[in-house]
Amino acid sequence: MTSIAFIGLGHMGGPMAANLVKAGHDVRGFDLAAPSLELARHNGVTTYTSLAEAVSGADTVITMLPAGTHVISVWQELVDVLSAGTLLIDCSTIDIDSARKAHELAEGKGCPALDAPVSGGTGGAAAGTLTFMVGGAADVFALARPIFEAMGKKIIHCGAASAGQAAKICNNMILGISMIAVGEAFVLGEKLGLSHQALYDVASVSSGQCWSLTTYCPVPGPVPASPANRGYEPGFAAALMLKDVKLSQTAAETAGAATPLGAMAAQLYQRFADEGFGEKDFSAIINMLRDKSGTGAA
Ligand code: NAD
């Protein structure tokens, strides 16, 4: 049994911490929001009203926070109170610069650290089937592997510090672009008199096949479990997709990579969010694409 402090018990962190409890770990939790603490307590997490109390005596600390600024401020506080040797893992999706800064903070204190963002959403967090993309030293990855296995199914070591965030950002840029591509194809098909099912039947077994089509199909019907069949309730909210494609564009600018489709995707998700649809599933962007083509929303 490991004593794990879990900081950030929201939509993702809450169920992840609950799965660590189920795996037999002693889990100590802290969140700024009282309702998140209450739910975590209900799930077997021992909760605290300060960060310092929650991490006292823990041999591992996991953070699952909204963005890089939150992670840096919490990790800054952590290195002030933790003993050297405590394992630090950040599972949030954050910008590359903040991920590197977090590793530097940990290194300065003598704490092994990993960036380990996830995919699989709230469903995967609850089911314990997340994919972890991990950056950091190989020996630290090996040490942390059983902890990831309590919360996820696929655990991939991507390379040195910040490589996990790099993989997450690149993957989600593909996802953001491919959803727009699939949406545009359905809108064009509608204009050409092609049924949704016929396009799906062809593209899903042809070279247009991709996750955005076969798992998250943006029109109701062909994939009954996709958000399009339940009024585009997320799923993966457009606001979160916007956050991730923006992270990809910040990273591309810093690294000097040309990502014109990523830039266009960021603009389109921004417009969709500005129009008030940030809380809808990101696949609902098809309705904005359809509006722009002049046929009206479905
Ligand atoms: P969330 O807003 O539900 O949870 C974040 C929690 O952090 C909140 O409960 C908030 O009160 C807490 N918090 C903020 N600052 C804090 C601080 N200083 N100390 C302690 N607690 C603090 O967000 P979420 O959906 O759980 O997402 C968390 C991270 O996971 C984000 O980086 C997100 O991009 C990433 N992610 C989310 C999903 C998803 O489907 N929701 C999927 C993959 C990755």
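Cut-offs and rules
- Residues numbered from 1 in each chain as written.
- Predicted model: local features only at pLDDT ≥ 70, side-chain atom pairs only at ≥ 80, totals over all residues.
- Heavy atoms only, no water.
- UniProt positions renumbered as here; feature names shortened; annotations may be inferred.
- Helix = DSSP H or I, 4+ residues; strand = E, 2+ residues; numbered from the N terminus.
- Rg over C-alpha atoms; globule rule 2.2 N^0.38 Å.
- Buried < 20%, exposed > 50% of the residue type's maximum accessible area, 1.4 Å probe, protein only.
- Contact = heavy atoms within 4.5 Å.
- Salt bridge = Lys/Arg side-chain N within 4 Å of Asp/Glu carboxyl O.

Looking at an unreviewed UniProt entry, one finds the protein named 3-hydroxyisobutyrate dehydrogenase and attributed to Mycoplana rhizolycopersici. The heading Pathway (unreviewed entry) in the UniProt record of the protein holds the text "Amino-acid degradation; L-valine degradation." Quoted straight from UniProt, the Catalytic activity (unreviewed entry) entry for the protein says "3-hydroxy-2-methylpropanoate + NAD(+) = 2-methyl-3-oxopropanoate + NADH + H(+)".

A. Layout of the overall build of the protein. Along the protein, the regular secondary structure elements total 13 helices and 9 strands. Computed over C-alpha atoms, the radius of gyration of the protein comes to 20 Å, within 12% of the 19 Å expected from 2.2 N^0.38 for 298 residues, which places it in the range of a compact globule. Referenced to the eigenvectors of the C-alpha coordinate spread, the extents of the protein come out at roughly 65 × 45 × 35 Å. Considering the protein as a whole, with its 298 residues, one finds that 51% of them fall into the buried category. Sequence separation of at least 24 residues holds for 63% of the intrachain contacts in the protein that already meet a minimum separation of 6.

B. Region of the structure containing the UniProt feature "domain: 3-hydroxyisobutyrate dehydrogenase-like NAD-binding" (unreviewed entry) in the protein. Under the UniProt annotation, "domain: 3-hydroxyisobutyrate dehydrogenase-like NAD-binding" (unreviewed entry) lies at residues 163-289. Between the end C-alpha atoms of residues 163-289 there is a gap of 34 Å, over a span that is 65% helix and 0% strand.

C. The pattern of salt bridges, seen in detail. Inspection of every chain in the model, using the stated rule, returns 4 salt bridges. The residue Glu-149 makes a salt bridge to Arg-145 at a minimum N-O spacing of 3.1 Å. You can see Glu-149 and its partner Arg-145 sitting in helix 7 (residues 138-149), 4 residues apart, about one turn around the helix. Of the residues examined, Arg-145 reaches a relative accessible area of 31% and is grouped as partly exposed.

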